[in-house]
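Below, each chain spelled out in residue letters.
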Amino acid sequence: MKLYYLGPQGTFSYLAAQQYCDDHEATELIAKQQLYEVMTALLDDPTSRAIVPIENAIEGTINIVADTLVEQPFTVVDEVLLDITFGLYGKPGKQLSDITKVFSIGPAISQTQKFIHQHHLAYDYTTSTIAALDHIDDTTAAIIPLGSGEMYGYEPLATHIEDFTHNQTRFLVLQHADYATETQGDNCLLVITPQRDQPGLLASVLNTFALFHVNLSWIESRPLKTQLGMYRFFVQADCPNQQDLDKIITILQTLDFDIQSLGRFK
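Anyway, here's the lowdown on the structure attached to this text.

Definitions and limits used
Residues numbered from 1 in each chain as written. Predicted model: local features only at pLDDT ≥ 70, side-chain atom pairs only at ≥ 80, totals over all residues. Heavy atoms only, no water. Axes fitted to C-alpha atoms, helices over the stretch in contact; angles between N-to-C directions. Helix = DSSP H or I, 4+ residues; strand = E, 2+ residues; numbered from the N terminus. Parallel < 35°, antiparallel > 145°, perpendicular 65-115°, else oblique. Left-handed = near helix turned anticlockwise from the far one by under 90°. Contact = heavy atoms within 4.5 Å. Nonpolar A, V, L, I, M, F, W, Y, C, P; charged D, E, K, R; others polar. Pairing = 2+ DSSP bridges. Salt bridge = Lys/Arg side-chain N within 4 Å of Asp/Glu carboxyl O. Buried < 20%, exposed > 50% of the residue type's maximum accessible area, 1.4 Å probe, protein only. Core = buried A, V, L, I, M, F, W, Y, C linked by side-chain atoms within 4.5 Å. Domains from an automatic or database assignment.

### Things to note about the packing of helix α2 (residues 35–44) against helix α3 (residues 63–71)
Part 1 of the reasoning: Two elements in contact, α2 and α3, have axes whose closest approach is 10 Å; the angle formed by their N-to-C orientations is 25 degrees. One element, α2, and the other, α3, form an angle in the roughly parallel class. For the crossing formed where α2 meets α3, the hand is right-handed. Judged by residue contacts, L35, Y36 and M39 of α2 engage I64, V65, T68 and L69 from α3.
Part 2 of the reasoning: Across the contact of α2 with α3, the residue classes tally to six nonpolar, one polar and no charged.

Listed below in structure tokens is the structure:
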């Protein structure tokens with residue numbers, strides 16, 4: 001089985017893909033350069049899978065992934081939780097005191113601001129964490145996933161430099177809906193779209209789940225892109241009872257919501 005991920009090797013997506021492969025059958029990892037390309041690879045290769053980040057504990061929802069889930073025929077078959085830790089990597093033999101500037105992607109820079117300012121470092125952005133390694137010189141270092149720099153011949157000058165401990169990113173494993181093998185689990189992911197604007201839309205959604213004592217582990221709103229003030233809701237629920245879920249969906253449809261199920265998974 002092929003598994004598409006946001007490359008190159010050493011990114012957090014790569015580490016999540018490896019973690020997923022450790023728990024499943026042997027998988028061929030295939031890197032893509034953009035998240036949209038990771039997901040749409042399933043349109044041309046529908047029997048494969050893709051792993052994409054959907055939510056970070058610090059930065060929140062990855063919007064391009066959420067929007068593409070609505071637009072394309074994908075099903076969620078699994079999820080992976082990855083601990084997020086950063087290291088500062090530089091040339092072998094260099095020390096932190098030698099560094100005056102760092103490179104990384106925007107979220108990595110944002111999540112290591114305290115370290116950057118504490119050491120009075122200038123910073124700039126790259127297209128991926130691993131691409132930051134291309135900028136390393138005698139006074140420049142890269143902020144990348146801890147444990148990834150060694151595979152490219154660089155050494156950690158500082159470890160665990162993230163601002164917040166216990167940070168995690170949640171990844172979704174996707175298949176093409178027409179080729180997906182049926183999966184079971186207590187997690188279900190729904191996209192709930194109102195057909196018209198009216199007071200209490202979000203309250204109606206929340207109250208319906210509360211009526212059946214179903215806990216929501218994630219809820220996110222995204223604009224419909226049709227007019228200002230109109231949103232759809234992404235809801236992930238802990239719902240082991242399929243009958244309760246069917247009743248919830250029926251009630252929401254009666255309340256004039258369109259329901260798109262994105263799958264059940266563990």
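### Side note on the sheet that holds strand β15 (residues 257–265)
Part 1 of the reasoning: With antiparallel pairing, four strands are arranged side by side in an open sheet as β13-β14-β12-β15. Where the open sheet ends on each side, the last strands, each with one partner, are β13 (215–223) and β15. Adjacent strand axes in the sheet meet at a mean angle of 15 degrees when their direction is disregarded.
Part 2 of the reasoning: Here strand β12 (residues 187–194) pairs with β15 via seven bridges, running antiparallel.

### Concerning the pattern of salt bridges
Part 1 of the reasoning: This structure, assessed with the given rule, holds nine salt bridges.
Part 2 of the reasoning: For E79, the salt bridge is made with R170, and the minimal N-O distance between the two is 3.2 Å. Within this pair, whereas E79 is found in strand β5 (residues 74–83), its partner R170 is found in strand β11 (residues 168–176), the two being separated by 91 residues in sequence.
Part 3 of the reasoning: The class for R170 is buried, based on a relative accessible area of 8%.
Part 4 of the reasoning: Two residues, K91 and D138, come together in a salt bridge whose shortest N-O distance is 3.2 Å. With K91 in the loop between β6 (86–90) and β7 (101–104) and D138 in the loop between β8 (122–125) and β9 (140–145), the pair connects residues that are 47 residues apart, well separated along the chain.
Part 5 of the reasoning: The partly exposed category is assigned to K91, whose relative accessible area is 32%.
Part 6 of the reasoning: Residues joined in a network through salt bridges with shared partners are E55, E79 and R170.

### Thoughts on α2
Part 1 of the reasoning: Burial in α2 covers these residues: L35, V38, M39, T40, A41 and L42.
Part 2 of the reasoning: Buried residues in α2 make contact with β1 (2–6), β2 (28–32), β3 (49–56), α3, β5 and β11.

### Looking at unusual backbone geometry
A negative phi angle characterises most non-glycine residues, just as the trans form characterises most peptide bonds.
Part 1 of the reasoning: P8 follows G7 through a cis peptide bond whose omega is 5 degrees.
Part 2 of the reasoning: Within the element layout of this structure, P8 appears in the loop between β1 and α1 (12–22).

### So, the sheet that holds β8
Part 1 of the reasoning: Here five strands make up an open sheet; going across it, the order is β8-β7-β9-β6-β10 and the pairing mixed. Each edge of the open sheet carries a strand with a single partner, namely β8 and β10 (155–159). Neighbour-to-neighbour, the strand axes of this sheet turn through a mean angle of 35 degrees, independent of strand direction.
Part 2 of the reasoning: One ladder, built from three bridges, connects β7 with β9; its direction is parallel.

### Observations concerning the side chain of Q72
Part 1 of the reasoning: Turning to its location among the elements, Q72 is positioned in the loop between α3 and β5.
Part 2 of the reasoning: By relative accessible area, Q72 is classed as buried at 18%.
Part 3 of the reasoning: Apart from residues lying up to four places away in sequence, Q72 is in contact with Y36 and L43.

### Concerning the nonpolar core
Part 1 of the reasoning: One finds I51, L88, V102 and I143 to be the most contacted residues of the largest nonpolar core, which totals 29 residues.
Part 2 of the reasoning: In terms of domain composition, this core takes at least three residues from each of domain 1 (2–84 + 167–179) and domain 2 (86–159).
Part 3 of the reasoning: If sequence neighbours within four positions are ignored, I51 has contacts with L3, Y4, Y5, S13, A16, A17, Y20, V38, V80, F171, L172 and V173.
Part 4 of the reasoning: With 25 residues, the next largest nonpolar core counts I30, I62, A66 and V191 among its residues.

### Digging into the packing of helix α6 (residues 201–211) against helix α7 (residues 242–254)
Part 1 of the reasoning: Between α6 and α7, the shortest axis-to-axis distance is 10 Å and the interhelical angle comes to 150 degrees. The angle between the axes of α6 and α7 places the two elements in the roughly antiparallel class. Taken as a pair, α6 and α7 cross one another with a handedness that is right-handed. Mapping the contact onto sequence places S204, V205, T208, F209 and L211 in α6 and I248, I251 and L252 in α7.
Part 2 of the reasoning: Among the residues forming the contact of α6 with α7, the class breakdown is six nonpolar, two polar and no charged.

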